[in-house]
Amino acid sequence: MRDQAADRDSGAATRTGRPRMVDVARLAGVSQATVSFVLNDRTDIPVAAATRQRILDAAGELGYRLNRAAQELKLARSTTVGVVSYGIASHPFAGRTLLGIQNAARARGHVCMVVDVADEPDHGADAVASLLDRGVAGLLFASPAALGVRTPAIDRSVRTAFSSCWPVDAETAGDVRAEVLPDERAGGYRAARAVLDAGHRDVLFLGGTPEEWATIERERGLDDAAAELGIGAASIDRVHGDYSTRRGYDLAAEAFDRHRYTAVVCGNDRMALGALLLLRERGLAVPDDVSLVGYDDQEALAAELHPPLTTVALPHFEIGALALDALLDDEPRGRVTVTCPPVERASVAPPRA
């Protein structure tokens, strides 16, 4: 039970300014060192559970919070992560990557300092130098789409991790702890199986930009699905565009001028939207006449179409969170892939007899 002197001392602390650790110690009736052990989560010093709770209650009652900046200086340890973004903040749906990064950082007692270098010709050298000058715990490079990125020269003593990207030159990209990428090949496989399992064999593939890693991997997944079912991969017609709605429309128009397909697998949801507009113009119903599959599960698009679009989700949130954890973990993880789950909606049906 606290004595009156401790209560008077704690009251004086709250009246005269910001409470100090010594005020928490007085209110809890313990030493200042014990308060420090508990509030700094020291697990190497045994403190009784009842004492620990009394200290936490006292800190809460006084409104005491650790001065993290001073703590970091004292411990020579930073709880700030530098996030180098390649246009994520302005991307229509990949902002969930930042949300995943920030949530994972908060769960580990860290905060994020984000800079965007998408339009910087020096690959973000000034931004990275500024983050390092602030003593960040590590650098997390994050992209909205999987690709190789050029980083400025980073010393090997600096931890780095990559979310939906990888360093073009790993030798100068710091101490690379992980490259976290979506499993695009398996995602392409799932997109193809959505129509192949429904019985379609007259399939058109509207791929994205042909030289991009995601396009290549998704098309490899398409080939995997065809081979597994004994379908010649060459029997699936393929055309490529730039992932835009307009290009999806134009490519679908050119393809359906040549042939009437029963299913279309698209490089992303926006190309699927373009294909859907073309099919409606031609008087073809989805999925009664033509089944349609997208990719990305783009927020405010795939589920809002009529009919709602069957697609494959890009797990932006999970990729960001896993990359942050990998950056802070002791053991490097190397290249890690994250599952792209299928999302079944109403745009796929068996082909008409």
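First, a word on what this report is: a plain description of the structure on this page. (Residues numbered from 1 in each chain as written. Predicted model: local features only at pLDDT ≥ 70, side-chain atom pairs only at ≥ 80, totals over all residues. Heavy atoms only, no water.)

At a minimum axis distance of 9 Å, the contact between helix α2 (residues 21-28) and helix α4 (residues 49-62) shows a crossing angle of 120 degrees. As far as their axial angle goes, α4 and α2 are oblique. Here α2 and α4 pass one another in a crossing that is right-handed. Mapping the contact onto sequence places Asp 23, Val 24, Leu 27 and Ala 28 in α2 and Arg 54, Ile 55, Ala 58, Ala 59, Glu 61 and Leu 62 in α4. The class makeup of the residues in the contact of α2 with α4 is 7 nonpolar, no polar and 3 charged. (Axes fitted to C-alpha atoms, helices over the stretch in contact; angles between N-to-C directions. Helix = DSSP H or I, 4+ residues; strand = E, 2+ residues; numbered from the N terminus. Parallel < 35°, antiparallel > 145°, perpendicular 65-115°, else oblique. Left-handed = near helix turned anticlockwise from the far one by under 90°. Contact = heavy atoms within 4.5 Å. Nonpolar A, V, L, I, M, F, W, Y, C, P; charged D, E, K, R; others polar.)

Another point: helix α3 (residues 32-39). Looking at α3, one finds that the buried residues are Thr 34, Val 35, Val 38 and Leu 39. When α3 is viewed along its axis, its buried side chains cluster within an angular range of 125 degrees and face the same direction. On its buried face, α3 sits against α2 and α4. Within two residues after α3, Asp 41 carries a phi angle of roughly 55 degrees, on the positive side. (Buried < 20%, exposed > 50% of the residue type's maximum accessible area, 1.4 Å probe, protein only. Arc of directions from axis to C-beta.)

On to unusual backbone geometry, then. At the junction of Val 286 and Pro 287, the peptide bond is cis and its omega measures out at 5 degrees in the coordinates. With respect to the helices and strands, the residue Pro 287 is situated in the loop between α11 (269-281) and β9 (291-293). Cis geometry marks the peptide bond from His 306 to Pro 307, where omega comes out at 0 degrees. The residue Pro 307 is located in the loop between β9 and β10 (311-312) in this model. In this structure, Ser 164 is a non-glycine residue whose phi angle is positive, near 60 degrees. Exposure remark for Ser 164: the relative accessible area of 3% places this residue in the buried category. Positive phi, normally seen in glycine, also occurs at Asp 296, with a value near 115 degrees. The residue Asp 296 is located in the loop between β9 and β10 in this model.

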